[in-house]
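Architecture and fold: a report
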Amino acid sequence: MTKGRGWEVRRKHFLPEESFRNWESYSNAMRQVGSRFVDRLFARSTIELETTEVRARSQHEMKKNLTWWDLIWFGIGSVIGAGIFVLTGLEARDTSGPAILLSYVVSGISVLLCVFIYTEFAVEFPIAGGSFAYLRLELGDFVAFVAAGNTLLEGIIGASAVARSWTAYFATLCNRKSNAFRIQTNLSQNYNELDPIAVAVLILTGLIVIKSTKITSKINSIASVFHVAILVFIIIAGLTQADSTNYSDFMPYGVRGVFTSAATIYFAYLGFDSVATLAEETKNPGKDIPIGLVGSMLVIIVIYCLMALTLCLMQNYKSVDADAAYSSVFKSVGMNWAKYIVALGALEGMTTVLMVGVVGSARYLTHIARTHMFPPWVALVHEKTGTPINATIIMISATAVVAFFTNLHVLSNLLSISTLFIFCLVAVALLVRRYYVTGETSIQNQRKLILFLVIILGSSAATSVYWATSDGWVGYIITVPILFLGTLGLKLFVPMARTPKLWGVPFVPWVPSLSIGINIFLLGSIEKASFIRFAVWTAVIIIYYIFVGLHATYDTAKAAETQRMAKHDTSGQQLSAVEVGIEAPK
């Protein structure tokens, strides 16, 4: 009996759905995989459902105590970290040279377009799910889940990369080599330097995040102000040591080097999507989110470009230290004392990135679990702290395992491909949202929308493939105009079905179409090995979906539908009884 009760408790918290009641139920569910998959593929959630029934599955509400000021500093704190301090040196030395400045401009433009798109969704749907919720509303459960799995991977990899970079800069601060505190082993290359300090930093960060979102916000705001002050110091002090001859060979690796670096350093801009997941905890989403997201990203782009400019003016790109570029460059110009300020600033910046990243990833996982794609136990929000403790612990644990083994190069490339893929899907979702409304958009307009989306995606993919496989330019004369014509066709021949109520992306469909084109183009600059890792991970999450997630969400959706119908019937019966009561005296 005890064993039975133990199983019942575990099933209630982890697999409460009808399909997992016993082996017979599960076997029956697996026989219906095809029909269930079709049902979930075309099913769309609604904002009303997401903000009532789905949110209620966390049992307690998240506290709404964040303003635009908090979001701006969350944005700065979540983005400026390992990417600028580590990848800038690595990419400048090996891939782009001083033209790393242009790489940051290209990536910055692409990310800013994505920020506009995320902002519209976050204002319209102030819920914790981020891109998962947006895709579930517009592209359906299956697409949302594939993106969700990759977004979680993005969160884990991003935090792992930052944690390992934290160790490298800590070693620099202690006058040691960047890998001095890592344990050397005989494991395979890229996984043979174990990093216990990264694990310890992650655990401490998780404890702070679990305590309170508002406390995390205050710590982040104070730390980010200090961090920005150090960045300003690096730029001003660095430019006083500038040598213009270091820019004489501005683009040693050509245009290809610029775009290859742009794809890799995309990692440096990541984190703003974590801020979008805080929409549910924002006091006034219509005002706070646009100011917080767009404002913080504009500041970040300017800082990054100035930082890249400063590095390669101070030192010849061939001599840049790939692991701790900014600390080492001050030492090379005789300002050895400044490297301690730089290292301290880098550590502080990485710490805030970890805090905000964990906050966002945990909330993202929470909303996924609310839909039962992951066990609902993960979605629970603690009554006292108002934070998703279970989701936070899971994300910290997974991140710690990856950070312990994997080096930065592997992490950054895999992170970029996952992120570019998700951002592309969210841009498609915005076009679908603007041009399609269920039950209102005609079949003819649906077909035209699909046609123009295929043209936009196809031409973008062709441009990316041509970039990856050819050094010529003739192909662009064909693919780029097709992208333009596909966007123009959407603008002229498909009527807009919906406009945002509070805040919207300007120049639709041009902005989301350009975002799709740039994101897919940058994918063509990522190495083959990263695509293989991406494909393997995507295959793993699809297998999980077929055997577990599909049946859990199907059962949950059908149970919720039955409850709504029962409520409707009860309300109808009560109304009839009232009507009878009124008519009786006559």
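Each value, and the rule that gives it
- Residues numbered from 1 in each chain as written.
- Predicted model: local features only at pLDDT ≥ 70, side-chain atom pairs only at ≥ 80, totals over all residues.
- Heavy atoms only, no water.
- Helix = DSSP H or I, 4+ residues; strand = E, 2+ residues; numbered from the N terminus.
- Buried < 20%, exposed > 50% of the residue type's maximum accessible area, 1.4 Å probe, protein only.
- Contact = heavy atoms within 4.5 Å.
- Areas by Shrake-Rupley, 256 points an atom, 1.4 Å probe, with all protein chains shown as cover.
- Salt bridge = Lys/Arg side-chain N within 4 Å of Asp/Glu carboxyl O.
- Arc of directions from axis to C-beta.
- Phe/Tyr/Trp six-rings, centres within 6.5 Å; stacked < 30°, edge-to-face > 60°.
- Lys NZ or Arg CZ within 6 Å of the ring centre and 35° of its normal.
- Axes fitted to C-alpha atoms, helices over the stretch in contact; angles between N-to-C directions.
- Parallel < 35°, antiparallel > 145°, perpendicular 65-115°, else oblique.
- Left-handed = near helix turned anticlockwise from the far one by under 90°.
- Nonpolar A, V, L, I, M, F, W, Y, C, P; charged D, E, K, R; others polar.
- Core = buried A, V, L, I, M, F, W, Y, C linked by side-chain atoms within 4.5 Å.
- Patch = residues over 30% accessible without salt bridge, like charges linked within 9 Å, V, L, I, M, F, W, Y side chains within 5 Å.
- pLDDT = per-residue confidence, 0-100.

Quick notes on the overall build of the protein
Looking only at helices and strands, the protein features 22 helices and two strands. The 586 residues of the protein split such that 56% are buried. For the protein, restricting intrachain contacts to residue pairs at least 6 apart in sequence, the fraction spanning at least 24 positions comes to 84%. Surface exposure of the protein reaches about 24,200 Å², of which carbon and sulfur atoms provide 67%.

Regarding the side chain of Thr392
Mapped onto the elements of the fold, Thr392 is located in helix α17 (residues 389-405). When sequence neighbours within four positions are dropped, the list of residues in contact with Thr392 reads Gly206, Val209, Ile210, Val358 and Ala362.

A short note on unusual backbone geometry
In this chain, Val508 is followed by Pro509 through a cis amide linkage whose omega measures 15 degrees. With respect to the helices and strands, Pro509 occurs in the loop between α20 (474-493) and α21 (510-523). Located in the positive-phi region is His372, a residue other than glycine, with phi close to 75 degrees. Here His372 is to be found in the loop between α16 (338-370) and α17.

Regarding the pattern of salt bridges
Throughout the structure, instances matching the rule amount to 13 salt bridges. Arg434 is the salt-bridge partner of Glu120, the closest N and O atoms lying 2.9 Å from each other. Taken as a pair, Glu120 in helix α7 (residues 100-124) and Arg434 in helix α18 (residues 408-435) lie far apart in primary sequence, 314 residues in all. Each of the two residues, Glu120 as well as Arg434, counts as buried. In this structure, the salt-bridge partner of Arg433 is Glu124, at a minimum N-O distance of 3.3 Å. Of this pair, Arg433 sits in helix α18 while Glu124 sits in helix α7, and the two are 309 residues apart along the sequence. Taken individually, Arg433 and Glu124 each receive the classification buried, so the pair is uniform in this respect.

Considerations on helix α3 (residues 33-42)
Buried residues of α3: Val33, Arg36 and Arg40, and no others. Projected down its long axis, α3 carries its buried residues within an arc of 70 degrees, all on one side.

Description of helix α8 (residues 131-138)
Within α8, eight of the eight residues are buried, which leaves it mostly tucked inside the rest of the structure. Burial in α8 covers these residues: Ser131, Phe132, Ala133, Tyr134, Leu135, Arg136, Leu137 and Glu138. Following α8 by one or two positions, Gly140 has its phi on the positive side, about 100 degrees.

Let's talk about the packing of aromatic side chains
The tally for this structure, following the rule as stated, stands at 33 aromatic pairs. Relative to Tyr544, the ring of Phe374 lies with its centre 5.5 Å away and its plane at 25 degrees, an arrangement referred to as stacked. Linking Phe374 in the loop between α16 and α17 with Tyr544 in helix α22 (residues 528-583), this pair joins segments that are 170 residues apart in sequence. Pairwise contacts between aromatic rings join Phe37, Phe142, Phe145, Phe374, Tyr544 and Tyr545 into one cluster. The ring of Trp467 is capped by Arg256, whose NZ or CZ atom sits 4.2 Å from the centre of that ring.

Examining the packing of α7 against α21
Two numbers describe how α7 lies on α21: the axes approach to 9 Å, and their chain directions differ by 135 degrees. In terms of orientation, α7 and α21 fall into the oblique class. The interaxial crossing formed by α7 with α21 has left-handed handedness. Judged by residue contacts, Val106, Ile109, Ser110, Leu113, Cys114 and Ile117 of α7 engage Val511, Pro512, Leu514, Ser515, Ile518, Asn519 and Leu522 from α21. In the contact of α7 with α21, the residues fall into ten nonpolar, three polar and no charged.

Thoughts on the nonpolar core
Residues Phe85, Tyr104, Tyr169, Met297 and Tyr326 are the most contacted members of the largest nonpolar core, which totals 161 residues. The biggest single contributor to this core is α16, with 17 residues. In contact with Tyr104, other than residues within four places in its own chain, are Gly83, Ile84, Thr88, Ile265, Ala268, Tyr269, Tyr304, Cys305 and Ala308.

Re a nonpolar patch on the surface
On the surface, Trp473, Val474, Ile477, Ile478 and Ile482 cluster together into a nonpolar patch covering about 530 Å² of accessible area. Tracing the backbone through its elements, the reader meets Ile482 in helix α20. Relative accessible area serves as the criterion here: at 36%, Ile482 is assigned to the partly exposed category.

Details of the environment of Phe507
Mapped onto the elements of the fold, Phe507 is located in the loop between α20 and α21. Each C-alpha atom, one on Phe507 and one on Lys491, is 9.9 Å from the other, the two residues being 16 residues apart in sequence.

Section: the packing of helix α14 (residues 285-314) against helix α15 (residues 325-332)
Each pair of packed helices can be described by the angle between their axes along with the distance between the axes. Two numbers describe how α14 lies on α15: the axes approach to 10 Å, and their chain directions differ by 40 degrees. Crossing of α14 against α15: the hand is left-handed. Counted together, Met307, Ala308, Leu311 and Met314 of α14 and Ala325, Tyr326, Val329 and Phe330 of α15 form the full contact between these two elements. Here the residues of the contact of α14 with α15 sort into eight nonpolar, no polar and no charged.

Points about the confidence of the model for the protein
In this model, the protein carries a mean pLDDT of 82, and residues with pLDDT of at least 70 account for 88%. Scored below 50 in pLDDT, residues 1-9 makes one contact in the model with residues more than four places away or belonging to other chains. Contacts from residues 575-586, a stretch scored under 50 in pLDDT, to residues over four places away or in other chains number zero contacts.

Side note on the environment of Leu449
By secondary structure assignment, the location of Leu449 is in helix α19 (residues 443-469). In this structure the C-alpha to C-alpha distance between Leu449 and Phe493, which are 44 residues apart in sequence, comes to 8.8 Å. The contact partners of Leu449, leaving out residues within four places of it in the chain, are Tyr435, Tyr436, Leu490 and Val494.

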